[in-house]
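Structural characterization, general
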Amino acid sequence: MKLLIINPGSTSTKISVYENETPILDDNLNHDITELAGYEKITDQYDFRKQIILDALKEANIALEDLDAVVGRGGLVKPLTGGTYHVNEALIRDLRLGVQGEHASNLGGLIANEIASNIGKPAFIVDPVVVDELAPISRISGHPWIKRRSIFHALNQKAIARQYCKEVNKNYSDVSVVVAHMGGGISVGIHHKGQVIDVNNALDGEGPFSPERSGSLPMSDFAAHCFSGKTHQEMKKAIVGKGGVVAYFGTNDIKELVEKAETDPETKLVIDAMIYQISKEIAAVSTAVCGKVDAVLLTGGLAFGSYITQGITDRVSFIAEVRTYPGGHEHLALAQGALRVLCGEEESKTYV
């Protein structure tokens, strides 16, 4: 099976071509910020990004007719259960509308659909960030004005959970594992019998603080800042983008800060506090299954650093075995999601 993977980001479009689970092309197509600034909405970038993808495939001598499917990164659509979804009219409509917000990833399914339709092949999305499998009890926030929402690194979290299951010869539907995706944002989810029954909303700043996000803050003090003359946009940026480690040091370069922490007690304290908060979140979601956790799995860019992974392991290994899977695995996960459907291992889902 030959698959085209399309993963649009804010200033680049990453593409891959896989033969089964082996990449034969991996390209990061960077976009000039000034050129993107000419588009009022993200969906206005559709033709621009599609043509760049087609040009890159032509340059790499990848014939569209040889593809068996096209897989796009899922965007901010309505909440849905995890799995692989055929791109249908309802999904196209909501990707265009941005029913939960505008994001470059919304273009993934749209571009995938057109390329696939032109060659008579299926288009899919897999485990978008809005996967919502929360247990009813985990939706309660503490005030009826607000319900907890599930927005997290679903694609990589589920891929890593399945990878662990493959290693230990178990089914994803039979295990309880905690997965901590640690990047610019950090999400910690408890996967129980094939569903993520509790997870922090990493997009909106819930949970542990991270390189770029504030995490959960003392509410009274935060409310006071909201009425201190700061704008709504400034407060949103304080939560996501300019919160967390960036707010303390003006940089999100964790590798550099870990090195600095060897001689600077203040830097060490903040990095250790992030490790501490991640560990607390892992312990907290473990209570969803009464502590009966098969493994704790650490992934994302921060998992490359042994200082962070060892610090977390020291604090949470009493819960279960800790395994580390550094980096992001999104493109492989997208390919695997399509392959499970194409090979008849599972049925594709219908978005409504």
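Look up a bit, the structure's there.
Now for a quick tour of the structure. (Residues numbered from 1 in each chain as written. Predicted model: local features only at pLDDT ≥ 70, side-chain atom pairs only at ≥ 80, totals over all residues. Heavy atoms only, no water.)

1. As for the environment of Glu266
Note the cut-off: Think of it this way: any DSSP run of H or I at least four residues long counts as a helix, any run of E at least two long counts as a strand, and we number them from the N terminus. Each residue gets one of three labels from its accessible area relative to the maximum for its type: buried under 20%, exposed over 50%, partly exposed in between, using a 1.4 Å probe on protein chains only.
The residue Glu266 is located in helix α10 (residues 265-286) in this model. Judged by relative accessible area, which is 54%, Glu266 ranks as exposed. Sequence spacing of Glu266 and Tyr248 is 18 residues, and the spatial spacing of their C-alpha atoms is 9.9 Å.

2. Comments concerning the pairing of strand β3 (residues 22-30)
As a reminder, the rule being used: A strand pair is defined by DSSP finding two or more bridges across the two strands.
Sheet topology places strand β2 (residues 12-19) next to β3; eight bridges connect them, and they run antiparallel. Counted as the bridge partner of Glu19 is Thr22 from β3. Turn length for the β2-β3 hairpin, with the two strands adjacent in sequence and antiparallel, is two residues, and the turn residue Asn20 shows positive phi of about 55°.

3. Quick look at a negative patch on the surface
Where we set the bar: Patches here: salt-bridge-free residues with over 30% relative accessible area, like charges joined within 9 Å, nonpolar side chains (Val, Leu, Ile, Met, Phe, Trp, Tyr) joined within 5 Å. Areas reported here follow the Shrake-Rupley algorithm with a probe of radius 1.4 Å; residue values treat only the protein chains shown as occluding. Here, a salt bridge means any side-chain nitrogen of Lys or Arg that lies within 4 Å of a carboxyl oxygen of Asp or Glu. Counting rule for charge: Lys and Arg are taken as positive, Asp and Glu as negative, and neither His nor the chain ends is counted. Lysine's charge is taken at NZ, arginine's at CZ, aspartate's at CG and glutamate's at CD.
Residues Asp253, Glu256, Glu259 and Glu262 make up a contiguous surface patch of negative charge. Mapped onto the secondary structure, Glu256 falls in helix α9 (residues 254-261).

4. Remarks on helix α3 (residues 89-97)
Note the cut-off: By definition, residues are in contact when any of their heavy atoms lie within 4.5 Å. Under this definition, polar contacts are N or O atom pairs within 3.5 Å; protein pairs additionally need one hydrogen-donor-capable and one acceptor-capable atom, and for neighbouring residues in sequence, both atoms have to be side-chain atoms.
Every buried residue belonging to α3 is among Ala90, Leu91, Ile92, Asp94 and Leu95, and all of these are buried. Buried positions along α3 lie against β5 (84-86), α4 (106-118) and β6 (123-126). At the N-terminal end of α3, a side-chain oxygen is found 3.3 Å from the backbone nitrogen of Ala90, two or three residues along, and the residue is Asn88.

Everything listed is a geometric property; what it means functionally is a separate question.
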